[in-house]
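What follows is each chain in one-letter form.
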Amino acid sequence: MNPARKAEIQPAMANAATTNGASSGASRGPSQGAQRGTPGGAATPRRSFWQRVNILRPSTIRGQLTLQYTLIFSVILVLAAALLYGLLNAVIYWDIDNELQDEAGRVAQYIQFQNGKPVLADPHDAGEGDLNTIFRIAQISDAQGNLVKQSPELTVLGLTLKRHELKRILAERPSLITHGWPKEEEIRFANVVIYGPGHQPYLLQIGTRLKPINDALDTFLWVLLMLLPVTVVISAVGGFIMSKRTLKPVADMTHAAQQISASNLTQRLPTSGRGDELEELAGTFNEMIGRLEASFRQMSEFSANVSHELRTPLQAMQGETELALVSQAPLGECRRVLESNLEEIDRLNRMVRNLLVLAQADAGEVQPRLEPMDLNELVRDLVEQMQVVADARGLRLRAFTSAPVPLLADALRLRQMMLNLIDNALKYTPAGGRVEVRVERQQGSARVSVRDNGVGISAEDLPHIFERFYRADKSRTRSMVDGCGLGLPMVKWVAELHGGSVLVTSTPGKGSDFVVNLPVVGAA
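On a predicted model such as this, the values are computed, not experimentally measured, just so you know.

Draft legend 1. Inspection of unusual backbone geometry at higher detail. A positive phi angle, close to 55°, is found at Arg173, a residue other than glycine. Mapped onto the secondary structure, Arg173 falls in the loop between α6 (163–172) and β6 (176–179). For Arg173, a relative accessible area of 47% puts it in the partly exposed group. Positive phi outside glycine occurs at His199, with the angle close to 55°. Within the secondary structure, His199 is located in the loop between β7 (187–195) and β8 (201–209).

Draft legend 2. Quick look at the packing of aromatic side chains. Scanning the model with the defined rule gives two aromatic pairs in all. Ring geometry for Tyr69 and Phe73: centres 6.1 Å apart, planes at 15°, overall stacked. Placement of both Tyr69 and Phe73 in helix α3 (residues 61–109) is noted, with a separation of four residues, approximately one turn of the helix. When its relative accessible area of 31% is taken as the criterion, Tyr69 is described as partly exposed. Residues Phe113 and Tyr202 carry aromatic rings whose centres are separated by 4.8 Å and whose planes lie at 35° to one another, so their mutual orientation is tilted. Taken together, the residues Phe113 in strand β1 (residues 111–114) and Tyr202 in strand β8 connect sequence positions 89 residues apart. The ring centre of Phe400 lies 4.1 Å from the NZ or CZ of Arg438, which sits over that ring.

Draft legend 3. How the structure looks around the sheet that holds strand β13 (residues 445–452). Across the sheet, which stays open at both edges, the five strands sit in the order β10-β12-β13-β15-β14 with mixed pairing between neighbours. Each edge of the sheet is formed by a strand with only one pairing partner; in this case those strands are β10 (396–400) and β14 (501–507). The sheet shows a mean angle of 15° between the axes of neighbouring strands, direction not considered. The sheet contact formed by strand β12 (residues 434–442) and β13 spans eight bridges and is antiparallel. Residue pairing for β13: Val439 is matched across the bridge by Val448.

Parameters at a glance
Residues numbered from 1 in each chain as written. Predicted model: local features only at pLDDT ≥ 70, side-chain atom pairs only at ≥ 80, totals over all residues. Heavy atoms only, no water. Helix = DSSP H or I, 4+ residues; strand = E, 2+ residues; numbered from the N terminus. Buried < 20%, exposed > 50% of the residue type's maximum accessible area, 1.4 Å probe, protein only. Phe/Tyr/Trp six-rings, centres within 6.5 Å; stacked < 30°, edge-to-face > 60°. Lys NZ or Arg CZ within 6 Å of the ring centre and 35° of its normal. Pairing = 2+ DSSP bridges. Axes fitted to C-alpha atoms, helices over the stretch in contact; angles between N-to-C directions.

Structure follows, in structure tokens:
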């Protein structure tokens, strides 16, 4: 065919093939996508290797521990078996090589040449021996690679080194070589160069067959290979038993935790007394349950106290109002009832406001409005304001201030805190007593002390006075001491809101001393 014509035909055939392939691919594409893909033609996602491994992973911790223990033990067992086999092989061959070298060295001392032929002369024997009759595997070669002497067993085995091999051994002079194939016919030789007449070198080789040694090593290897699966199965069973025993405290804790409910928070998780991590976990859970129990108890007491505090004034208002209506009281009596109700409503409003503030504080929704101020001015102003109340109760109220004590504080909250402290001291101090308010600056902090010589607080009540609705004297009624048990909790919250603290010391019958420490401006 003309080369030019051939060049024209080939591009046309290539274009036709491309067009046919595209059209056939377009016609086959939807059917193939429908066959290989999911409904809608989307390709089925292939799982990665680690996803497939996670599918095979046991779902329980006991199964995971058993699997991990079995895998680790199996790897260690295989490595130990390989190491043991390698060490045994090395030790046996090392021992054989030493024996062959020692034997070859002893034999070389008694080789003599008579009429150009090597003979074995034993100094302990008057006669002379032939090398072929004394050693089962031995041979001597000359420098040209010619075999001079060979024991009958080597001849029977047909193990004869070629000339170039003998020349190479004489040139390189290796101390040991292994020759023969297959493995059952291997012979280990120890090589010694001896010198004959004219200082001509000869190669003396003393050998031993390796078949018994190789058979023993193979048998040992097969025993290891047969024992490995059995040992792995035993390790898996042992791992399952160990994991079950190890996780038994977890099962006990799970069973005990299932018995704990909001109405049964006195129960605790069992501890083993071993001081391990599980006991530490159980102790942590028990501490958490203890805190929950205390919180539930406080919530229950709080609900009961709130109900009591709300019910008492509401019942009083209801009773007075009903009595006024039933008795058709005159206008003056109705006015007195309305004034009394107004007092109760004002008290309820204060209590609800305090509860709202404390609830917002617990939720972290209250942010102080900090502004510079002088604590001395605040205290002097409040003492002057409360002086009327103190005089009405026959009490002496005094303020002891010092140099300016600058603060960065929320003036409204701080004023509320100090009013509660002073009002609390005035309530529990009998007529003729005294209340002192002192402001001092000590080592970068402001110290406010509100001290009275009133009834004091008992030691058993002292840790609870900052709890909401707590009353130190349960026998007191509202008519005796007006209040709802939220003043001191508000004091504690305001002090902590400003990064400070409040402490109290008290002696029954001698009075109490409330001390508030607040950080001052510029304190390190």
